[in-house]
Amino acid sequence: MENAKIYGYMRVSTRDQNEDRQRLALLEMGVSEKNIYMDKQSGKDFDRPQYKKMLKKLDSESVLFVKSIDRLGRNYADLNEQWRIITKEKGTDIVVIDMPLLDTRREKNLLGTLISDIVLALLSYVSENERMNIRQRQTEGIAAARARGVKFGRPPIPLPDNFYSVHKLWREKKMTLRQAAEACHLAESTFFDKAQNFEKS
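The rules we used
Residues numbered from 1 in each chain as written. Predicted model: local features only at pLDDT ≥ 70, side-chain atom pairs only at ≥ 80, totals over all residues. Heavy atoms only, no water. Core = buried A, V, L, I, M, F, W, Y, C linked by side-chain atoms within 4.5 Å. Buried < 20%, exposed > 50% of the residue type's maximum accessible area, 1.4 Å probe, protein only. Helix = DSSP H or I, 4+ residues; strand = E, 2+ residues; numbered from the N terminus. Phe/Tyr/Trp six-rings, centres within 6.5 Å; stacked < 30°, edge-to-face > 60°. Pairing = 2+ DSSP bridges. Axes fitted to C-alpha atoms, helices over the stretch in contact; angles between N-to-C directions. Contact = heavy atoms within 4.5 Å.

Draft legend 1. Representation of the nonpolar core in the model. Counting 20 residues, the largest nonpolar core has Tyr9, Tyr51, Ile69, Leu72 and Trp83 as its most contacted members. Taken together, the elements giving at least two residues each to this core come down to β1 (6–12), α2 (49–57), β3 (63–66), α3 (69–72), α4 (76–89), β4 (93–96) and α5 (110–147). Val166, Met175, Ala180 and Ala181 belong to the second-largest nonpolar core, a separate cluster that totals 10 residues.

Draft legend 2. Expanded view of the packing of aromatic side chains. Within the structure shown, the criterion is met by nine aromatic pairs. When the ring of tyrosine 7 is compared with that of tyrosine 37, the centres are 6.4 Å apart and the planes differ by 45 degrees; the resulting orientation is tilted. Placement of tyrosine 7 in strand β1 and of tyrosine 37 in strand β2 (residues 36–40) is noted, with a sequence separation of 30 residues between them. By relative accessible area, which is 6% here, tyrosine 37 ends up buried. Judged by centre distance (6.0 Å) and plane angle (85 degrees), the rings of phenylalanine 163 and phenylalanine 198 are edge-to-face.

Draft legend 3. How the structure looks around the sheet that holds β3. Here we have four strands laid out as an open sheet, ordered β2-β1-β3-β4, and parallel in their pairing. Because the sheet does not close on itself, it has two edges, and the strands there are β2 and β4. Neighbour to neighbour, the strand axes of the sheet diverge by 20 degrees on average, direction disregarded. Against the sheet, helix α1 (residues 19–28) touches β1, β2 and β3, its axis set at about 170 degrees to β1.

Draft legend 4. Here's a closer look at the pairing of β1. Taking burial as the measure, the seven residues of β1 include seven buried ones, the bulk of the element. Burial of the side chains of β1 extends over both faces: Ile6, Gly8, Met10 and Val12 are buried on one face and Tyr7, Tyr9 and Arg11 on the other. Summarising the sheet, β1 and β2 pair through five bridges and their orientation is parallel. Across the sheet, residue tyrosine 9 finds its bridge partner in β2, namely tyrosine 37.

As structure tokens, then:
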């Protein structure tokens with residue numbers, strides 16, 4: 001097949017720094033640099049600019065390489081739908097480098113298609129299930145930490161030494177809110193919030 005019809009797709013998230021490994025794997029499979037498309041965002045859906053751009057180029061003479069199935073996507077239903085669009089509607093072959101069974105060029109018959117579809121369904125289900133388990137563990141971990149008294153978010157700005165005297169002058173209307181905030185080197189909203197919290201306590 002001519003090199004122009006061989007494409008590669010990469011996806012990295014902000015926490016996932018395996019861009020070089022993906023690119024090297026695609027180049028080793030004969031994908032030219034200009035035919036590699038990469039998105040830097042999560043795999044929760046397929047609303048990705050480079051993916052959409054690549055999808056328009058795919059046809060029945062194309063082969064699409066991805067290093068692993070989760071680089072294509074992580075959502076079980078969406079992943080299966082995109083696989084169907086690429087392989088059935090576009091007629092494009094997909095090769096998942098890390099999973100030789102997911103190579104639609106092999107055994108161009110009903111059995112070969114069935115094997116690929118079953119393996120894909122299993123892998124995408126496992127990927128989606130793991131994603132949901134991670135989210136559940138995070139939720140449970142945060143709840144447990146809060147129960148132990150762990151505070152999340154930025155620590156509160158400590159009260160300036162002159163806060164109490166400035167607060168008194170402000171409440172006596174001898175200073176405006178802006179003057180009081182400036183005297184304490186705080187934003188007006190921050191000074192007001194701290195004043196309310198102080199008065200409540």
